[in-house]
Structures are given as structure tokens and as C-alpha cells.
Amino acid sequence: MGEFLLQTSWCLPIYGLVGAVLTLPWSIGYVRRTGPRPAAYFNILMTLVAMLHGAIAFQTSLYVDPQPILLHWFHAADLDLSFAIDISSVSLGATELITALSFLAQIFSLGYMEKDWAIARFFALMGFFEAAMTGLALSDSLFLTYALLEALTLSTYLLVGFWYAQPLVVTAARDAFLTKRVGDVLLLMGVVALSTFAGSLNFSDLYEWSETALLSPTVATLLGLALIAGPTGKCAQFPLHVWLDEAMEGPNPASILRNSVVVSCGAYVLIKLQPILILSPVSSITLVVLGTMTAIGASLVAIAQIDIKRALAHSTSAYLGLVFIAIGMQWTDVALLILFTHAIAKALMFMSVGSIITTTSTQDVTEMGGLWSRMPATTTAFLVGSAGLVGLLPLGGFWALREGMNAFWYDNPWLVIVLLIVNALTAFNLTRVFRLVFLGEPQIKTRRAPEVPWTMAVPMVSLTIMTLLVPAMLQRLSLVPDWAYLNHSAVLLLMLSGLGGLLAGCFVPFTRVWSRPVQMPFKLIQDMLAYDFYVDQLYRVTVVGFVAMVSRFSAWFDRAVVDGLVNFIGIASLFSGESLKYSASGQSQFYLFTILTGVSVLGVLLTYRLW
Amino acid sequence: MLSALVWIPVLGVILIGLLPPPDEAAIARFVKRSLGESLPPDPARLIALITTAITFGLSVVLALQFDSTSLQSQFQESVPWLEPLGLNYQLGLDGLSLPLVILNGLLTWIAIYSTEKSIQRPRLYYILVLLLNTGGAGAFLSGNLLLFFLFYELELIPLYFLIAIWGGDRRGYAATKFLIYTAVSGILILAAFLGIVWLSQSPTFDYAEIHTESLPLITQIILLGLLLVGFGIKIPLFPFHTWLPDAHVEASTPISVLLAGVLLKLGTYGLLRFGLGLLPEAWSALSPWLATWAVVSVLYGAFTAIAQTDMKKMVAYSSLAHMGYVLLAGAAATPLSILGTVFQMVSHGLISAMLFLLVGVVYKKTGTRDITVLRGLLNPERGMPIIGSLMVIGVMASAGIPGMMGFISEFLIFRGSFPVFPVQTLISMIGTGLTAVYFLLLVNRTFFGRLPEQFANLPRVYWSERLPAFALALLIVALGLQPNWLVYWSETTTAQLTPAIALSVEKIALRIEADPKPLKNAAVFLPSISPTANTPKATAYIHPSASSNP
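Reading the values: the criteria
Residues numbered from 1 in each chain as written. Chains lettered and ligands numbered in written order. Predicted model: local features only at pLDDT ≥ 70, side-chain atom pairs only at ≥ 80, totals over all residues. Helix = DSSP H or I, 4+ residues; strand = E, 2+ residues; numbered from the N terminus. Buried ≥ 20, exposed ≤ 12 C-beta atoms within 10 Å, placed from the backbone. Contact = placed C-beta atoms within 7 Å. pLDDT = per-residue confidence, 0-100. Pairing = 2+ DSSP bridges. Nonpolar A, V, L, I, M, F, W, Y, C, P; charged D, E, K, R; others polar. Axes fitted to C-alpha atoms, helices over the stretch in contact; angles between N-to-C directions. Parallel < 35°, antiparallel > 145°, perpendicular 65-115°, else oblique. Core = buried A, V, L, I, M, F, W, Y, C linked by C-beta atoms within 7 Å. Left-handed = near helix turned anticlockwise from the far one by under 90°. Expected span 1.5 Å × (residues − 1).

Right, let's get into the overall build of chain B. When helices and strands are tallied, chain B shows 21 helices and two strands. For chain B, buried positions account for 61% of its 550 residues. Residue pairs at least 24 apart in sequence account for 81% of intrachain contacts in chain B once pairs closer than 6 positions are excluded.

This is the structure in C-alpha cells:
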């Protein structure tokens, strides 16, 4: 049984896809009029099946060697595109995480999307989303990975643009697609180049090739930069980070997945690419630099947000920045650990936020307060999620960050400082949000705030328990070191930074009016952070402005110069024809005169020399 | 068998010509009341549908009988015609023309199907469309240069009338512009053909009997230049493209479908068949310039498309950009890239046909194609959600999202061209990013957002209007997921198109040893490729030393 399910675990992505495809009838005609609920249940069922299948396969895979599967897809001339699929405990663990979170998020959305008329479309998109992610986890071929990354880009576009009638959603969907697309096109350049150089796009062949590859430094650098561009966009890292906070305009259940597993998919690809990136030291350095910039920048920006979802989305960018640093420094296990713990904790926090938004119908933290006694489960979820994220209490985030500190402790102390800063700022930010949302006096929108219905509460509470159990899971996977081996000063520093952030968040005075924590004297800084260092505006002026200008110019050039020239020739010939027609007046005197003039001019010209 | 493809539509033309004039009164009543399905069936339309269905079916049968391993052109038919002139009625089918012939049949059928039933002067209209089908099929099938030219010119006349009679407000201008441009292109092509045959002293104009190796390179380059401009007008390539947006904007929807789907392919087909096929030496001498030209065309088309506000113009300029890829791949002329051109021709034919169909529906229902006016058409109750969803699919296919045909064809082109022209390939890849920009603009503006009052009472969209786009979408996805079907037919032929050039590259490489300038781009990457490339073909092709003497 287990063996069979392990062998067939390549079909895990197909479950989600089948769910998505079979939802299509609910978009037309009579089936649509029967109501979308059955489609939603069907999708949930498919995800459940995928989850159970994956769980058994994962259990089996722990005792079996990794099994590569090769599917031949396309063969032409010197190009052989086969899909290698990697069935190992790591990839199956990743699919398990994805399907489990997707399952919880889908049940959650039964409640969250209850009043939406397009719930069938939403579930179909979630199924597609899940299929792309599980495929990405299993894929062992760069070509397949690229294709699935694009599929993720597409489904992000459609999910963010789910409520397409709202103007902000339209721009958010557009920005999400285009920003990721920039990364994807660069990645495609890398894929094409790599395919030419290495002859195959399966990771195992690529690793083999990279050991003996002889590339000139320039080519290697360009290749490395192109390859990291895709994940940079996917993980919302500077300079391609602008889409993630805008994407918060989309439905919340999709945000649960996006902030936890989707961004992780980008990092997962990067981890897969890492042996190739070693060819170019510049790209590793770039990873670290980008990661550091994003980690600190996004942590700062998060503090100044008053939209509860955006405050958390920026912190996602920050954590993924830490992952980038870890990958750049070749500490893959640190990266995976941060990804894992962050995914679970962040998913929980977004569920809690989703409950808050459902109940209060607002995302603005300045309009909230006093929810703790009204929504106990949500409050617990938020608290546990924060604790699981920040390195203070011995939950997931703590162990992951400790692992990072351990890794950097001796060789790169400045990265330890980055880590501590991010930890402190995150603690500060979460405390701030907690104070604003759950403590204080209730406001108009939070006065009548009942706890959410069971469809939302059950997944939230389950995930709360899961988050609390993360240390136990780590223990079982022997990722938690013995007390004796702990680097006590590192642990102490980590806890101190978390505590510092927490205390600062508790005691920074902010009144309701100025609920953004940075106060009046620093208005400038406050606005700069709130507007994400004005990166949006900068892009609008530079990149977007440039493209718009070039396109306007070329359109003008096309109309005025290229077409103008053509039309000018046309008009000129018409005009000369029109004007010459007056020479045919029908009077013989005029013709005679013309002939005589012509002949005499000719005669003069011919005899010119003789005179 | 092949003659049937060419002459069955002509049979249809004769049959339609024999029909009595239609009942104008009934049509007038229909237009007045707008009663969807109650119009009496139009016999002309029926005949047109049946004949094109037969030719399409026939082409599919041919595809099934096609021997994919054969190097020769198949199902050959040869009838001496004007022998002193060297003009023979010579038809043949190979892997380059087969997909295009099938595309021609399919899109003509779809074009006829999606024609409005209440069209004015239906008999003339369907006759012209059928003649267009004949012209296309004949051009793709002919194995004689003069015969190709005849069909090439034949296709121009019906299209002129189709634009000039059933077009939009500025149809006269657009049709005349199209006529002049295409006539010039025809003259240039004829001149090149005559030059090729007479200078190489071939006995006939039969494609198989022409050998240009004896011609001096400079003569070849001049002849190729004529062909390039001639077919460059048809493809179209910058700066010979301005007839295209005008023609598309003024033509009715079915004619736009045919124009983009089939007729533009005549240009790329001709360029590959005659430019690359007959003058390989000149082709490889010019190829760096061709690749650069392709890049200019791609970027120019893409940037210009961004600034358009008319949906049809936007799609037309995207054609300019996407057909530029074909030139890029043709210039590289590796087995893979030539295969990529076939893919790109088919995928562009399907995708742009689909986009034009959808734009046509939007225009028919709302009365405008202006993306600054349209908004919120995805509205589930009062808008056109299914057309909108199909539009998203079409747009994503065009932008090269994997799983659809646009992606694999672009990937083949990039991957095939990269070893030869790395820089040009990388730059033209920016074009795929820009495709996303302008098509996203289109979808975001017209389909997203809130439906304004003025479009609150749109007419119903019938299933007959959705079905053609549905069928195309299915094909696009099917071929995107299973591109091997197309490879199966085309690979042998496209591979055969390249050895000619590989040999001549050797010659050029010998020439370059004295002057290593023209292939500098490739040379940069060569050292890095050669030790690891597991592809003997490619290395043989690149290395002058691997000499298999002709």
C-alpha cells in the first residue's frame, strides 16, 4: 500500500488540477445556477485525498531511498526535454506541508468566502495554485520548475485579481504579474543559456555539468544573476518586492498560502539551483546583499503599515530575506528550517487576520481595538503565530533563527547582527499590531465582534496546535540540539533581541490618532517607511515611465515617420497626377506650344556647346 | 489528392455562383428584429462551410497518411503546363507546408463559421473567402516558383475586395494600401524568382531543379535582398509593416482572422522556403543582420503595441513582434530553430486568430474597441464572462505562459537561436516580457473593473460566437501540452532545411578564417559550448573543422 502510493506520488499535483478542471462546469449555464457549493466541496475533497496520499507516501519514503522518475515529454533535434521527478522525503515533506496548508486554507475559505458569488472560481484557482506548488516541490527538472513558476505567476494574477471590479485589485493584479514576469523572463534567459551550455535541464545533469563547467567569469555571473532573478521575484525580494504588499488586496485565504508556501516555493527553487550558482561568486554575494537589504528594509517598512495584512506581508519579505542570506552563504539546512517554521507560523497569523477581517470588515489597525475578550480563538492564534515566528519562546521560529545564528556565529558575525535586528523589529511590529488590534478600547467596528464560525475556527485552532507542536516535530527530525551543545551566548542574544522588541512594542507610547509608532518629529521617516521607501514611486518614474515613453515615441514614430513617409509618397504621386492632368486641356494650340517649347529647350541643350 | 485541396474550394465558388440571389427582404427583416437563430439558412454559407470542411478534412487525412520520415516532398503531382516558360503545375507537401495547409483549412472554416449570417452580398463574400482559401493552399503546396507566385498574387485580389467592401470606415484607404504594398511585394518576389532561375540557368522553375551554388555570393545576396523585402512586406517586418494595422482595423473579424492566421504565414513560409532554401549561402552571410533586424522588429512591434488604444491595432502590432521571432529563428537556422519557426507560425496563427475572434465579439456587442472606453466586461451577469475568460487564456498563451502553445514555440526559437546569436536572442526575449505588458493592459482595462452604465445592456453572446474561440483555445492548450504531434510531422523537413546551410557555413567559416568578423557573436560563446555540448550535430555545425565534404 505505502509502496504503491509512494510510486504513484508523481500524481499528487494532478489531484489539485483535477479539482480545478472539474469545477469549470460551474461557470456556465444550468450547472452554475445550481450554486457553487458542490464545486467547493469537491475541491476540498481532492485536496484531502492529495494530503492523505502524500502523508502515507511521506511515511513510506522515510525508509526508502529517493526514487527518481523520468518522464519523456519532448524531443526534437538536439533538445531533449524530459521531466525528472524527485520522490524523496524532502520533496514529499514539502508537498505534505503544501497540501496540508492548502486543505486548511480551503476549509477556512468556506467561511471566509461564504457570501461570495464566485466561490467556485475561487476554489478552482486554489486547486490550480496547489497543483502548481506541489508540482514545484516534486520537480527535479529546471524546465518543469520554470513552467510551474510561470503557472504560479498566472494563478497569483488570477487570485489577486479575484475581485476584479475593484480598482485597487486591478492594479495589484497587474503589478503582481508584471513584477514576477520580470523575474521570470530573466530566469527564462538563464534557462535557455543553461540548456545550451549543459545540454539537459534536469537538476542531476546540471549538477554534474556544473562540476566541470568552464564558463568565462562574465558569462557565469550573468547566468547566476539571471537564475536568481526568478526566485527574487517569487520571494518578493528587493528590487522585485513591490507586488507582495499590493497583493494583499486579494482574498485572504489565498494570502494564507501566498505568504507561507508560495514565497517558499521561490526559495525552494533557489535551493535547488544553489550548486549551479556556486559557479558565480557574484551571484552568491548578490543573494546575501539582496537578502540583507530586504530583511532589514522590509522589517522597518512593516512597522509603519496600518493595513494589518500589509504589516504582515512585509514581514514575510523580511523572513524570506533571511532565507536568501542563508542560501547565499550555502547554509541550506538553515534556509529550509526558516522556510518551514515561517510557513506554518505565518499561515496561522494570516488565518487569524482573516478572522479579524471577516468580523470587523476592515483591514485598518487604527480602527480596531479590544478584540481579545471578544475573539479568544483568534487572539490565541495570533499570539501563538507571533511566538512561532519570533525568536523568543522555544517555538519554531526560535529554533530556526538559533540555527542561523549558529551558522554565522564564527565566520560572519555581521549577519548575526542582521538576524538580531530582524528578530527585534519583527517582535516590535507584532507587538504593535497586537496592541492595536486586541488590546485597548473597542472602537465602532470592533464593538460587535463575535468569534468566527466553525469553518474558520477549526482550521485556525488546528493550525494553532500544529504551530505549538513544531518544536516536537523538529525534535523528532533531530533538528533541535541537546542542551549541552547549545551556544548559550547566541541563544541569550537571540532571546534578548526578541525581548527587546517585545518590550519596546509594549511601552512605546502611541495614541489612537497617531497609531503609527514613529512619531511627529520623524514624520519624514514615518512616511518614507509607510510608502515602502518610495520604491513604487521610483519605479513609476523610472522603469514604467521609460517603457511608457519609449512606447509613446515608437507609436508616434510609426504614425508620423514610417506611415507618414508611405502616405507622403502616396499623396505626392496623387498630387503630381492631379496637377499634370491640367496639361491635358484638349486645346491643340496648347499641345503645339508644349511640343515647341520642349523641342526648343532640347535644341538649346543639345547645341549648347556649339555656341 | 493535393489538387483537391486547391480545386474543391473553386468548385464551391462555381456552385455559389450558380445560386439565385438571396432573399434580401428576409435579411432586412432579420436585421430589424435581430432574431438570432430564425434566419433562413443561407445556401451560399452552407456551401462554403461544406467545401472548407471537406478540404480541412482532406488535409487531416493527408496528415495521417503523411510519411514523417521521408525527406522528399510527398503526394507530388506534376502536370506540364507552359513548358517553354518553365511553368509546371507541380504540387507537393512536406513538413513545412503541412501544418500551414491544415491551419489554412481550419481557419478558413472558422472564419466562414464566425461570419455574421446577415452579411451583405453573401454570395460574393463567400466566393471571395473560398478563393482566398484556394490561393493560400496553392501557395503552400506549389513546388514551382512561378506557380507559387501565381497563387501568391491570386490571394491578393479577393482580400482586397474583402477589405474594400465589407470593411470599416476607412476601408478604401486600408484596402488600397494593402493592395499597393502586396503588389510591390509580388513584383519583388517575381524579380527575385526570375533572377534566381535565369542566372542559375535552371531548366524550369521547379523548386527541386534549382541550384544556386554556382552563383557568385554578391548576386545571391542581391537576390536574397529582393526576397527579403518582398516577403518582409508580407510577414510584415519593420519598416514595411504599416499596411498591417490599417488592414486589420478596417477588415471585418473573419477577414482579420484569415489575414493574421494564414496570409502572414505566406511571408514567413516564402522566406524560409525560398530565401533559406534556395539561397543558403547568401542567407548565412546576411544572417547576423537578419537577426538584428528581427530584434528591431520584435521590440518595435512590442513597444508600439503598448501605446495603442484600439484592441485590434494592439493585436496587429503584437503580430509584428511575434513574427519577428520567426525571422530570428530563421536567421539562426539551426535544426531546432527552424522547427521553432514552424511552431511559431502555427501558434501565432491559432493565438492571433483567437484574439481577433474575441475582439470581434467584444466589438460586435459593445460597438467599440477602444480600451480607454471599455471596462468591466468580465461582469458575470451583464458582461461577457466567458469571452473574458477566453481572452485571458488567449492573452496568456500569447505572452508565453507554459502549458500553452506560445511558450513551447518561443522556447524552441530561443533555445535554437541562442547558440548562434546569443545577444540578439537575449534582447528579443525582452519582447515576451513586453507582450505581457500590453496584453495585460488590454485585459485589465477592458475586462477588469466595474462595468459602466453605458454597457449595462449588452446583447447576449451566443454559443455560436464562443465556439470557434473555444476550439482554438483547446487546440492551443493541447498542442502546448503535447507538442510532439507537430514535431512528428515537421522535424524531418526542418532538419533537412538546415544541412544546406550547415555546409555553407563551413564555406563561410573558411572564408572567415581570413576575416573573423561576421560571426564574432557566436565565437564568444563557442569555447564555452563546445566541450560540454552533448550534441554532435550542433558542434559539427559550429565547427568548421568537422568537414563532411559535400
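There's more to say after this.
Along chain A, the regular secondary structure elements total 24 helices and two strands. With the C-alpha coordinates aligned to their principal axes, the bounding extent of chain A is approximately 120 × 60 × 60 Å. Within the span of chain A, comprising 611 residues, buried residues form 55% of the whole. For chain A, contacts bridging at least 24 residues in sequence account for 82% of all contacts bridging at least 6.

A separate point is the confidence of the model for chain B. Residue and element names in this part refer to chain B. The pLDDT averaged across chain B works out to 85; a share of 88% of its residues lies at or above 70. pLDDT under 50 marks residues 501-550. Its contacts with residues more than four places away, or in other chains, come to 61 contacts. Here the complex is predicted with pTM 0.90, and the ipTM for its interfaces comes to 0.89.

A word on the pairing of strand S1 (residues 74-82) of chain B. When a strand is regular, its side chains alternate between the sheet's two faces. Residues and elements named next belong to chain B. Relative to strand S2 (residues 87-93), S1 runs antiparallel, the two sharing six bridges. Note that in S2 the partner of Leu 82 across the bridge is Leu 87. The hairpin turn running from S1 into S2, its antiparallel successor, is four residues long, and Gly 86 in that turn takes a positive phi close to 85 degrees.

A word on helix H2 (residues 12-22) of chain A. Taken residue by residue, H2(A) has Leu12(A), Pro13(A), Tyr15(A), Gly16(A), Leu17(A), Gly19(A) and Ala20(A) as its buried positions. Tucked into the core, H2(A) has its buried residues touching helix H4 (37-61), helix H5 (89-112) and helix H6 (119-138) of chain A.

Here the focus is the interface of chain A and chain B. Chain A puts 46 residues into the contact, and the matching count from chain B is 48 residues. Taken together, the elements giving at least two residues each to the side of chain A that touches chain B come down to strand S1 (67-76), helix H7 (142-160), helix H8 (167-198) and helix H23 (535-580) of chain A. Element by element, the count of residues in the side of chain A that touches chain B is highest for H8(A), at 16 residues. When the residues that make up the side of chain A that touches chain B are grouped by side-chain class, the tally is 32 nonpolar, seven polar and seven charged.

All names here are of chain B. Their axes nearest at 9 Å, the elements helix H12 (residues 311-332) and helix H13 (residues 335-366) cross at an angle of 175 degrees. Put simply, H12 runs roughly antiparallel to H13. Side by side, H12 and H13 meet where Met 311, Lys 312, Val 315, Ser 319, His 322, Met 323, Tyr 325, Val 326, Ala 329, Gly 330 and Ala 332 of the first sit next to Ser 337, Ile 338, Gly 340, Thr 341, Gln 344, Met 345, His 348, Ser 352, Leu 355, Phe 356, Val 359 and Val 362 of the second. Its residues assigned to classes, the contact of H12 with H13 comprises 13 nonpolar, nine polar and one charged.

In this section: the nonpolar core. Ranked by size, the top nonpolar core spans 399 residues in total, and within it Ala267(A), Val323(A), Ala335(A), Met354(B) and Leu358(B) carry the most contacts. Examining the composition of this core, we find that 19 residues originate from one element, H8(A), more than from any other. Apart from the residues lying within four places of it in its own chain, the contact partners of Leu358(B) are Ile387(B), Leu390(B), Met391(B), Gly394(B) and Ala469(B).

Before going further, it helps to spend a moment on the pairing of S1(A). Residue and element names in this part refer to chain A. Relative to strand S2 (residues 79-87), S1 runs antiparallel, the two sharing nine bridges. Of the residues in S2, the one forming a bridge with Leu 70 is Ala 84. Between S1 and S2, which follow one another and run antiparallel, lie two residues, and Ala 77 among them has a positive phi close to 45 degrees.

Quick look at unusual backbone geometry now. A cis amide bond links Phe238(A) to the next residue, Pro239(A), at an omega of 5 degrees. Relative to the elements of secondary structure, Pro239(A) occurs in the loop between helix H10 (217-234) and helix H11 (242-246). A cis amide bond links Ile235(B) with the next residue in sequence, Pro236(B), at an omega value of -10 degrees. In this fold, Pro236(B) is placed in the loop between helix H8 (217-234) and helix H9 (243-250). Here Ala333(B), not a glycine, exhibits a phi torsion of approximately 50 degrees, which is positive. One can find Ala333(B) in the loop between H12 and H13.

On average, residues of chain A score 87 in pLDDT, and 98% of them are at 70 or above. When mean pLDDT is taken per element in chain A, helix H16 (residues 376-389) of chain A scores highest with 92 and helix H22 (residues 523-530) of chain A scores lowest with 76.

Further remarks concern the packing of H12(B) against helix H15 (residues 405-417) of chain B. Packed helices, taken two at a time, are described by the angle between their axes plus the distance between the axes. Residues and elements named next belong to chain B. Contact geometry for H12 and H15: axes closest at 9 Å, N-to-C directions at 35 degrees. For H12 against H15, the interelement crossing comes out left-handed. Listed contacts from H15 to Tyr 325, Leu 328, Ala 329 and Ala 332 of H12 are Glu 410, Ile 413, Gly 416 and Ser 417.

Residue and element names in this part refer to chain B. Here Ala 191 lies in helix H7 (residues 171-199). For Ala 191, a count of 14 C-beta atoms within 10 Å gives the class partly exposed. Expressed as a C-alpha distance, the spacing of Ala 191 and Leu 226, which sit 35 residues apart in the sequence, is 7.5 Å.

Residues and elements named next belong to chain A. For helix H17 (residues 396-408), spanning 13 residues, the distance from its first C-alpha to its last is 19 Å, which sits close to the expected 18 Å at 1.5 Å a residue. Of the positions making up H17, those classed as buried are Gly 396, Gly 397, Phe 398, Trp 399, Ala 400, Leu 401, Arg 402, Glu 403, Gly 404, Met 405, Ala 407 and Phe 408. Where H17 is buried, its residues contact helix H14 (308-328), helix H15 (332-360), H16, helix H18 (413-438), helix H20 (454-476) and helix H21 (488-507).

All names here are of chain A. By secondary structure assignment, the location of Asp 80 is in strand S2. Once the C-alpha coordinates of Asp 80 and Gly 396 are considered, the two residues, 316 residues apart in sequence, prove to be 42 Å apart. Excluding anything up to four places from it in sequence, Asp 80 contacts His 75 and Ser 200.

Turning our attention to the environment of Glu281(B). Residue and element names in this part refer to chain B. Its location among the elements puts Glu 281 in helix H11 (residues 280-306). Given 22 C-beta atoms within a 10 Å radius, Glu 281 is considered buried. Put simply, Glu 281 and Ile 50 are 231 residues apart on the chain and 45 Å apart in space, counted from C-alpha to C-alpha.

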